[in-house]
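Residue strings, one per chain:
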Amino acid sequence: MRYRHLSTVTLALGVVLLVDVLRVFLPAVITIFGQAASTPAELLGAFAFGWFLLALAAPALIRRVGARPVTLVAAVLLVVARLAVNGQPGGRLQLWLATAGLLAGLVWLAGVAAGTDRPVPGLALGLAVGAVLHTVLDTYRSAFFGDWPAWLAAVGVAGLFLAGQARPAPPAGAGGVRSWLLAGPALLLAGMVALSPAVARTATSYQFGLLRSDPADEVGVATVPLFGPAPLAVAVGGFLLAALAPPRRGAWRWPGPVALVGGAVLVALGRGELLLPAVLLTAVGLGACLASAGAADGRGDDGADEARTPVPDGAGRAAGSTPAPALAAGDGQDPVRAAGRRGYAAVAGMLVFAVAAVAYYSAYDLGHPNAGVPVAVAVLVAAVALARRPAPGPARSPLPPVWTAATAAAVTLLAAVASDELLSATNRDGPPETVRVAAYNVRMGFGMDGRFDPDALARAVAGADVVALSEVDRGWLLNGGHDTLDLLAERLDMPYVFAPAADPLWGDAVLSRWPLDAARTRPLPAVGAPTGAQALGVTVNFSEGVRLAVVATHLQPPPGEDPVVQARAVADFAVRYAAGRPLVVAGDLNTEPGDPAFAEFTRAGLVDALAAARPLPTSPADAPRQQIDHVFVTPGLAAADAAAPPGTASDHLPVAVTLTLPPA
């Protein structure tokens, strides 16, 4: 393999490993370092950000010791940490392994940047390959569990990465600062929107779900789609084609940055029906901006056309072990200084990643506005891409743009079709006499030990016919980019209806073994709480005129307050939605029997379906003391066998009850 191909592939594989470690580190900070929402959001952010800040020492270390030894040691540590995470899918050891892997990955990135002046093909390929692997593994097993597919993927990528890393890097010129500065922002936008299979599936479920919501609803719902993540194939192909294509000149430089900012604006609007165009626009625009930055880097940092000379590695020795002059001929740049600038640019870009990620996701704990965060990052990327004209003359990519993009798109499409399951419900032989209803706050799929385990979640509600879920995550980068709802629905073989609460990727859902229709959702008054809340109404169709109205919700009061206002709004909405039909209201209501908010449901004529089993504490799951997860029903529904099965697959226990249906 020629140098330019080898360095591109090695960089791409390193990016895949770094992204995998990030998918473990970020949720581990929330669920292991921060236990059961008891740790202040400011402390969580400081802990996460501190490791990125520490990486600023990497360029100075590289200058003193040499790029090659630092890069090799960091690469080995990154691989060891990545493989170790597969064997340790939970607990504090997982947090520290992921933290060590992250720091090693950042140091490796700075070392590679010191000796690489044309990183765009490798960065773009790495982001695309990571998206494809995440699609193949259905957003789930890439970095969390030690099953053989996860081990096979991890060992294969790690082995190829180390094999490529062992070879000396080709000579580097003086450019590359702009491209490396965009590595972190590109990783953020790709993981949040552009190249996320979970986001693509969720976007498709809003746009092409098999159950449509009422257009008059203020907020739409998402339902089971056909071939959910299939649009990701278009996003991956468009991203690679734009990133690897020859640089655009003149007015043709503008469509990419405009598309990127436009996609980020659609994300900021927070509407599910805009998510699919946001994914496609952001993907193509991000690729085009990377290509423009790479083309501008060809001019060198002083604007002159770049001459490629070896970059010293340590005390006057080049990365390829050939002596290097003090100045690169033709560009007037000290190669040592140029290498240092690239290293700092790479770390600074990852600092942008950390700051933007913390600013965006902490808003759901602290309450500050966050819609402008993806827009600001997109504007930064666009500004860097447009800041300098491309270098004159042709710029060859080490990868053929059309062939690479087409191959990646085809593989992604096959992976999307193969990994997705069509969930459908049909009426059984007539309506049942009883139906088992469960309510479960799943904490984005993470258990008390920080383990992401949808299999354990499915076991916790096994046997239920209708399940109301709270804290459902469908692709937050902060939580690893998993589509928790789809993973759980596939294991239960139950179609779903999802309603957004905090944003289009986080909210509540109802799953059912029987067909669902007439979905409605209403946002609830915020009353000072930073996280959004809604009430989702669906109707379960048992055939022969037997219907059951189900309302799922998760009340979100301000800290230390009872959610009276939200409880009243849910009760009013539920009674109006049921319109005389049997009704179930279920979810994490954050109120206990005897509290004013609890009384709002009984005042509306509903009955506590769990009363016979009281006290029935559900939180925290490892030592439950609070009775805050509930099921309310209309008086015509007789309740029996109420229970809260023990387990630690979430920080709550599920509650379940068997209801006797009235005759048609």
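Residues numbered from 1 in each chain as written. Predicted model: local features only at pLDDT ≥ 70, side-chain atom pairs only at ≥ 80, totals over all residues. Heavy atoms only, no water.

Chemist: Is there a simple way to think about the overall build of the protein in this case?
Modeler: The number of helices and strands found in the protein is 21 helices and 13 strands. Counting over 664 residues, the protein shows a buried share of 61%. Put simply, of all contacts in the protein between residues at least 6 apart along the chain, 78% involve residues at least 24 apart. Accessible surface for the protein amounts to roughly 23300 Å². Of this, 64% is attributable to carbon and sulfur atoms. (Helix = DSSP H or I, 4+ residues; strand = E, 2+ residues; numbered from the N terminus. Buried < 20%, exposed > 50% of the residue type's maximum accessible area, 1.4 Å probe, protein only. Contact = heavy atoms within 4.5 Å. Areas by Shrake-Rupley, 256 points an atom, 1.4 Å probe, with all protein chains shown as cover.)

Chemist: I would appreciate a short explanation of the sheet that holds strand S8 (residues 547–554) in the present structure.
Modeler: The strands making up a sheet are joined through hydrogen bonds of the backbone, oriented either antiparallel or parallel. Read from one edge to the other, the open sheet built from six strands follows the order S6-S7-S8-S9-S11-S10, with strand pairing classed as mixed. Taken across any chain shown, the strands that pair with only one partner, and hence form the sheet edges, are strand S6 (516–523) and strand S10 (607–608). Across two bridges, the pairing between S10 and strand S11 (residues 629–633) is antiparallel. For Asp608, the partnering residue across the bridge sits in S11 and is Phe632. Here helix H21 (residues 596–603) sits on the sheet and contacts strand S9 (583–588), S10 and S11; the angle it forms with S11, its principal contact strand, is near 20°. (Pairing = 2+ DSSP bridges. Axes fitted to C-alpha atoms, helices over the stretch in contact; angles between N-to-C directions.)

Chemist: Just checking my understanding: could you explain the sheet that holds strand S4 (residues 496–503) for this structure?
Modeler: Ordered in space as S1-S4-S5-S3-S2-S13-S12, the seven strands form an open sheet in which the pairing is mixed. Single-partner strands in this sheet number two, and they are strand S1 (222–223) and strand S12 (638–643). In this sheet, strand S5 (residues 506–512) lies alongside strand S3 (residues 466–473) in antiparallel orientation, the contact comprising six bridges. What sits directly across from Val466, in S5, is Ser512.

Chemist: I keep staring at the environment of Glu600 and nothing clicks. Help me out?
Modeler: With respect to the helices and strands, the residue Glu600 is situated in helix H21. In this structure Glu600 touches Val564, Ala567, Arg568 and Ala571, once residues within four positions along its chain are discounted.

Chemist: Explanation requested: the pairing of S9 in the structure shown.
Modeler: In regular strands, side chains alternate between the two faces of the sheet. The buried fraction of S9 amounts to six of the six residues, a majority that puts the element mostly inside the structure. Bridge count for S8 against S9 is six bridges, and the pairing is parallel. Counterpart to Val551 in the pairing with S9 is Val585. On the question of chirality, the crossover connecting S8 to the parallel S9 by way of helix H20 (residues 564–578) is right-handed. (Right-handed = clockwise from strand over helix to strand, strands pointing away.)

Chemist: I'm lost on helix H10 (residues 197–207) in this one. Help?
Modeler: Each full turn of the α-helix corresponds to 3.6 residues, which orients residues three or four apart in the same direction. Of all 11 residues making up H10, 10 are buried, and the element is well covered by its neighbours. Three or more residues of H10 are buried, namely Pro197, Ala198, Val199, Ala200, Arg201, Thr202, Ala203, Thr204, Ser205 and Tyr206.

Chemist: Please clarify how helix H4 (residues 67–87) should be interpreted in this entry.
Modeler: For H4, with 21 residues, the first-to-last C-alpha span of 31 Å sits near the 30 Å given by 1.5 Å per residue. When we look at burial in H4, the residues that qualify are Ala67, Val70, Thr71, Ala74, Ala75, Leu78, Val79, Ala81, Arg82, Val85 and Asn86. The buried residues of H4 occupy one face: seen down the axis, they fall within an arc of 165°. Seen from the open side of H4, the exposed residues pointing more than 90 degrees away from its buried face are Val73, Val80 and Gly87. (Expected span 1.5 Å × (residues − 1). Arc of directions from axis to C-beta.)

Chemist: Any chance you could explain the packing of helix H14 (residues 335–361) against helix H16 (residues 372–386) here in plain terms?
Modeler: Working note: a packed helix pair is described by the angle between its axes plus the distance between those axes. Relative orientation of the contacting elements H14 and H16 amounts to 160°, with a least axis distance of 9 Å. Judged by the inter-axis angle, H14 sits roughly antiparallel to H16. Crossing of H14 against H16: the hand is right-handed. Taking contact as the criterion, the partners of Val352, Ala356, Ala359 and Tyr360 in H14 are, on H16, Val373, Pro374, Val377 and Leu380. The residue makeup of the contact of H14 with H16, split by class, is eight nonpolar, no polar and no charged. (Parallel < 35°, antiparallel > 145°, perpendicular 65-115°, else oblique. Left-handed = near helix turned anticlockwise from the far one by under 90°. Nonpolar A, V, L, I, M, F, W, Y, C, P; charged D, E, K, R; others polar.)

Chemist: Would you explain the packing of aromatic side chains in this entry?
Modeler: The geometry of an aromatic ring pair is captured by two quantities: the separation of the ring centres and the angle between the planes. Applying the stated rule across the entire model yields 18 aromatic pairs. Consider the rings of Tyr360 and Tyr361, whose centres lie 4.9 Å apart with planes at 85°: the pair is edge-to-face. The same class applies to Tyr360 and to Tyr361, which are both buried. An aromatic cluster is built from Phe25, Phe33, Phe47, Trp51 and Trp96, whose rings are joined through pairwise contacts. (Phe/Tyr/Trp six-rings, centres within 6.5 Å; stacked < 30°, edge-to-face > 60°.)

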